[in-house]
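# Tertiary structure, described
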Amino acid sequence: ATAEKFRSISPAEFFYRNKEIAGFANPARALYQAVRELVENALDATDAHGILPNIEVSIERDSVKQYVYRISVKDNGIGIPEKYIPEAFGKVLFSSKYVLRQTRGLFGLGAKMVILYGQMTVGEPAEIISAAINSRRIYSYRIMIDVRENKPIIVSKGVWPNNTGWHGTMVKVAIEGDWSRAKQKILDYIKRTAIVTPYANIVFKTPDGEIYTYLRVTETIPPPPRETKPHPHGVDLELIKTMISETKAQRLIDFISEEFQGVGNVIAERFLTKYGFDPSKDPKTLSKEELELLVKALKEFNEFRKPRADHLSPIGAELIKIGLNSILKPEFVDAVTRKPVVYEGHSIIVEVGIAYGGSIQPSEEVVLLRYANKIPLLYDEKSDVAWKVVSENIDWSYYGIVFPAPLAILVHICGTKIPYKGVGKESIAEVPVIEKEIEEGVRQVARSLKLYLARKQKEEEMMRKAVT
Ligand code: ADP
Ligand code: MG
């Protein structure tokens, strides 16, 4: 027998070999995923920082190689400091979003997957042009990714003066795509993005030369998400070790009350006493057994305050109604933002919108608009918890709806930890507390539709009586 050959691979190589799990399974899916990752980044760089987004997306087909598409996405966001540009786009798992904050991105992967896929299929370097806020220069980098080493290769670099005070980012990348098969998904994606960002200008130029424009209909942006500290119920052994290695606290009591949310001095003291820890002990001197005990105790103790939700950034019922009205042009619309609930030590907020009639085409099933942290989810609908709720848990006839019906339901889940079923972030697992929230939310807006329909029917009957 021959000897086994051992070696390790870099994160870039891992995703190079397993591009499917990041959503790049075939040219059609890749084109959709590329647009999505770049638009997500553009929105994270704008609305999450209080900037009204102006986003231009364009896809062009190469005139010679018909399978090659050039995607460009330009935003007016915060830009990227020059020194981080190469790694932000050339090193897999490099991100500014590894903090506890509600963002669209979270794996430090999206932009790199687009570039990696382009590199595998077309082989041109990606181009990034960016100016951070107040930067006196605009930088452009053409980069590729060294897959074995997981680091950027800078092909060329340009600098020019920023005379107009522009800030933002433009990313251009060529990938193998399949527009005819991806078209509908991409159009849906842009439209569904527009529904939940009525405060954005979004322009989309297709390879066919069509231009889709979604103009801002309100200047209200949801309050930007803030960074938060971990809640004691969400810790594990690894996290607690990292936190201890980074803390300035020299006593256990300070560590517990300063590094976690929901823990004041009094509670910290009561907690430590209950589980027999010495409050003045230096956390860095805890033994392995003590650490294990501490984690168990943190998860179990039930006097901590509930995880806070004020760092989350729901869309808000008003904006959801504005968005549904302006894009779907229904006859009736309503929305609700539910109170925060807790999932594994993280707060989650569920929002539900409903739109009925008007320009919505009747169909045999509910038109379900799913979102997680403001990202539209388009694939794997039938395996998503929200689909289970609207198709199995709810009896629509109770609400006066008989299919085919012109009914759209919007479900938005936001939080610092979302139970996605995969890194492609396309569907959400059936976590009971989330399922219950969605169901309650749907029932709430469905009741309000039921009332509206009953009132309308009554008015019509009165009209008929008045006429006869
Ligand atoms: P993620 O979005 O999960 O962090 P990405 O690979 O998509 O991972 O992006 C890496 C990092 O590059 C981001 O965390 C962000 O700091 C930066 N970045 C990417 N696109 C933009 C953009 N349009 N504007 C500002 N920063 C960006
Ligand atoms: Mg991203």
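As a further point, take the nonpolar core. Generally speaking, soluble globular proteins have nonpolar side chains that are buried together. In this structure, L31, I71, F89, I186, I195 and L324 are the most contacted members of the largest nonpolar core, which totals 73 residues. The leading source of residues in this core is helix α2 (residues 27-44), at 10 residues. Counting contributing residues per domain, this core is built from domain 1 (11-214) and domain 3 (317-457), each supplying no fewer than three. The next biggest cluster of nonpolar side chains, apart from the first, holds 40 residues, and it includes I354, V390, I428 and Y452.

Another aspect to go through is the packing of aromatic side chains. Taken as a whole and assessed by the stated rule, the structure comprises 16 aromatic pairs. Judged by centre distance (5.4 Å) and plane angle (50 degrees), the rings of F271 and F304 are tilted. Taken together, the positions of F271 in helix α8 (residues 265-274) and F304 in the loop between α9 (288-300) and α10 (317-328) put the pair 33 residues apart, joining distant regions of the chain. Considered together, F271 and F304 belong to a single accessibility category, that of buried residues. Three or more aromatic residues joined by ring pairs make a cluster, and in this case those are F271, Y275, F301 and F304. Cation over ring: K185 sits above Y379, and NZ or CZ is 4.8 Å from the ring centre. Just above the ring of Y398 sits the side chain of K450; from NZ or CZ to the centre is 4.0 Å.

Let us look at empty space enclosed by the protein. One pass over the structure, following the stated rule, counts two cavities of 30 Å³ or more. What lines the largest cavity is D44, D47, A48, Q102, T103, R104, P225, N373 and K374. Classifying every residue of the lining of the largest cavity by side-chain character gives two nonpolar, three polar and four charged. Roughly 30 Å³ of volume is contained in the second largest cavity. Along its surface, the second largest cavity is lined by R370, Y371, L377, D384, A386, V411, I413 and I428. Of the residues assigned to the lining of the second largest cavity, the class counts are six nonpolar, no polar and two charged.

Around ligand 1, 20 residues are found, and the nearest of them are D75, S95, S96, K97 and K112. Within the backbone of A111, an N or O atom sits 3.1 Å from an oxygen atom of ligand 1. Contacts to ligand 1 include T169, whose side-chain N or O atom sits 3.3 Å from a nitrogen atom. Starting from 530 Å² of accessible surface for ligand 1 in isolation, the protein chains cover 93%. With respect to the detected pockets, ligand 1 is housed in the largest pocket.

Attention shifts here to the domain arrangement of the protein. Entries for the protein in the domain assignment read domain 1 (11-214), domain 2 (232-300) and domain 3 (317-457). With centres defined by C-alpha atoms, the gap from domain 1 to domain 3 works out at 29 Å. Domain 1 puts 28 residues into the contact, and the matching count from domain 3 is 27 residues. A buried area of about 2600 Å², summed over both sides, lies between domain 1 and domain 3, and 66% of it is on carbon and sulfur atoms. The largest share of the area that domain 1 buries against domain 3 comes from Q102, R192 and I195, three residues that together contribute 26% of it. Along the contact surface separating domain 1 from domain 3 lie one salt bridge. Between E426 and R36 there is a salt bridge, with its nearest N and O atoms 2.5 Å apart. At the boundary of domain 1 with domain 3, the tally comes to four residue pairs in polar contact (both at pLDDT 80 or more). Listing elements by their share of the side of domain 1 that touches domain 3, those giving two or more residues are α2 and α5 (179-196). With nine residues, α5 is the single largest residue contributor to the side of domain 1 that touches domain 3. Of the residues that constitute the side of domain 1 that touches domain 3, the class distribution is 13 nonpolar, five polar and 10 charged.

For the bond running from F403 to P404, omega is 0 degrees, close enough to zero to count as cis. Here P404 lies in the loop between α11 (385-393) and β14 (407-415). With a phi close to 50 degrees, N150 is a non-glycine residue in the positive phi region. Structurally, N150 can be placed in the loop between β4 (137-146) and β5 (151-161). On the basis of relative accessibility, which here comes to 6%, the residue N150 falls in the buried class. Its identity as a non-glycine residue notwithstanding, N373 has a phi of 40 degrees, on the positive side.

How each quantity is defined
- Residues numbered from 1 in each chain as written.
- Chains lettered and ligands numbered in written order.
- Predicted model: local features only at pLDDT ≥ 70, side-chain atom pairs only at ≥ 80, totals over all residues.
- Heavy atoms only, no water.
- Core = buried A, V, L, I, M, F, W, Y, C linked by side-chain atoms within 4.5 Å.
- Buried < 20%, exposed > 50% of the residue type's maximum accessible area, 1.4 Å probe, protein only.
- Helix = DSSP H or I, 4+ residues; strand = E, 2+ residues; numbered from the N terminus.
- Domains from an automatic or database assignment.
- Phe/Tyr/Trp six-rings, centres within 6.5 Å; stacked < 30°, edge-to-face > 60°.
- Lys NZ or Arg CZ within 6 Å of the ring centre and 35° of its normal.
- 1 Å grid on protein atoms, 1.4 Å probe; cavity = no way out; pocket = protein on both sides within 12 Å on 5 of 7 lines; lining within 4 Å.
- Points joined across faces, edges and corners; volume = space filled by probe spheres on them.
- Nonpolar A, V, L, I, M, F, W, Y, C, P; charged D, E, K, R; others polar.
- Near = heavy atom within 4 Å.
- Polar contact = N/O pair within 3.5 Å; in protein donor to acceptor, adjacent residues only side chain to side chain.
- Areas by Shrake-Rupley, 256 points an atom, 1.4 Å probe, with all protein chains shown as cover.
- Sits in = over half its atoms within 2 Å of the grid points.
- Contact = heavy atoms within 4.5 Å.
- Buried area = accessible area lost by both parts, 1.4 Å probe.
- Salt bridge = Lys/Arg side-chain N within 4 Å of Asp/Glu carboxyl O.

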